[in-house]
Amino acid sequence: MPRADNPQEAESKKDEQSVLERLYKSKGARAVAFAAALFGAGEVAESVSKHLKNEAEIVSAVEKDSLKLEGLADKFKTEIQVEGGDQIILHIAQKHTEGALKKLGGVEDIIKSQRHVEELLVYLKEKGIADTVYEEGVNEAVLQNIYRIQHTATEDMLLTVKGMKDPTYGFSEETQANSLYAAKCELLRRANELDSNYQLKIKSGFPQNPETESLVKKLRADAKEIGDDELIHGDNVYVWGAGPKMYAEGKINLRAAQNDQADAETMAPYTLKEIVPTVLNAGYKPAIRHAIRENAALDLIAHDAPTLKEKIIPLIYGAGHDFTGAVKDWDKKAGSQKFGLTRVEAK
């Protein structure tokens, strides 16, 4: 006969569930629900609801822990898709584009979504939760291009990014935008560093140096000229993703979430078996093609995971993707609960 549940334990679990249910239904306590999705429902339930039985006390406890997630919680829909895990993959479901800026519709929605993604990444970085981010559309070539631009002499950098605007070279607008913004950020960094050192020398009694002042001014003027390009001017920079933007600014460690082999397999001609569902779904790729890139992203993360100190690993990927199957298959193959999965989607 199966052992009967301990009545006290069952009652405790019932109370805990009741508390969490109230939290999810309460706008004032969305921060706690969001924290549960990010950090694991079990951990949050144990830490904030074990001895607290009303909403006000729980919200207060969360605030004292400096989570302060109220603003973010209102900007994301959250779902725990695979519970537990030594590390939690945080699928940040984004709205994004693969097209050209002038041909896009709904740019405002993309910008709003990417702004929310940026806020979440800033929060994770500032709280020391995570600063290594994986992103769709980013491969080693993208990262090498940004690195190369940021480590090039100023005059060569200017020639490179201006040359990329030449249509005969066939660079995509996304590649141009990432390069332009990386150059803008690097020029400003060099100007600020030079000016800071110069001001320290002036305070120490060194005479003014018109050549240094002129160079600082020129670096900032060049940065402004590049920043005025339509592709990255104002909020347009968000069209190309919050991840590359923050990486160019030196705020996160960005890593590839796709590779050439997976991309080639995804874009290969459809088999007869795939054609029918593709037509029925108005041209959208069949699920098996999405799975190729999802599995590739997970392989890249799993390769790095042992060297990452973070429990939470952000993965920015399109809202049309579902990593549940990939994570469950990986855990089954590993023979352990290696990864959990939480999906947050910017509203």
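A few points on the structure. (Residues numbered from 1 in each chain as written. Predicted model: local features only at pLDDT ≥ 70, side-chain atom pairs only at ≥ 80, totals over all residues. Heavy atoms only, no water.)

## Concerning the packing of aromatic side chains
Enumeration over the complete set of coordinates arrives at two aromatic pairs. Ring plane angle 45° and centroid distance 6.4 Å describe the contact between Tyr169 and Phe171, whose orientation is recorded as tilted. Looking at Tyr169, the relative accessible area reads 56%, which means it is exposed. Residue classification places Phe171 among the partly exposed positions, given a relative accessible area of 37%. Each ring, one from Tyr317 and one from Phe323, has its centre 5.1 Å from the other, and the planes form 85°; the classification is edge-to-face. On the accessibility criterion, Tyr317 (0% relative accessible area) is buried. By relative accessible area, Phe323 is classed as buried at 2%. Stacked on the ring of Phe339, the Lys or Arg Lys338 has its end atom at 5.6 Å from the ring centre. (Phe/Tyr/Trp six-rings, centres within 6.5 Å; stacked < 30°, edge-to-face > 60°. Buried < 20%, exposed > 50% of the residue type's maximum accessible area, 1.4 Å probe, protein only. Lys NZ or Arg CZ within 6 Å of the ring centre and 35° of its normal.)

## Focus on the sheet that holds strand β6 (residues 339-346)
Read across the open sheet, the six strands follow the order β1-β6-β2-β5-β3-β4; overall the sheet is mixed. Of all strands in the sheet, those with a lone pairing partner are β1 (76-82) and β4 (253-256), marking the two edges. Sheet twist, expressed as the mean angle between neighbouring strand axes with direction ignored, is 25°. With seven bridges joining them, strand β2 (residues 87-94) and β6 adopt parallel strand pairing. Within the sheet, the bridge partner assigned to Ile89 lies in β6 and is Leu341. (Pairing = 2+ DSSP bridges. Helix = DSSP H or I, 4+ residues; strand = E, 2+ residues; numbered from the N terminus. Axes fitted to C-alpha atoms, helices over the stretch in contact; angles between N-to-C directions.)

## Quick word on the pairing of β4
Across a regular strand the side chains alternate sides, sitting on one face of the sheet and then on the other. A one-sided burial pattern is seen for β4, the buried positions being Leu254 and Ala256 and the unburied ones Asn253 and Arg255. Of the pairings in the sheet, the one linking strand β3 (residues 132-135) to β4 comprises four bridges and is parallel in character. Bridging across to β4, Thr132 finds its partner in Asn253.

## Quick word on the pattern of salt bridges
A full pass over the atoms with the stated rule returns 18 salt bridges. The salt bridge partner of Asp131 is Lys125, with a shortest N-O separation of 3.3 Å. One salt bridge in this structure joins Arg343 and Glu345, with 3.1 Å as the shortest N-O distance. In this structure, Arg343 and Glu345 share a single accessibility class: buried. Taken together, the salt bridges that share partners define one network made up of Glu118, Lys245, Glu249 and Lys251. (Salt bridge = Lys/Arg side-chain N within 4 Å of Asp/Glu carboxyl O.)

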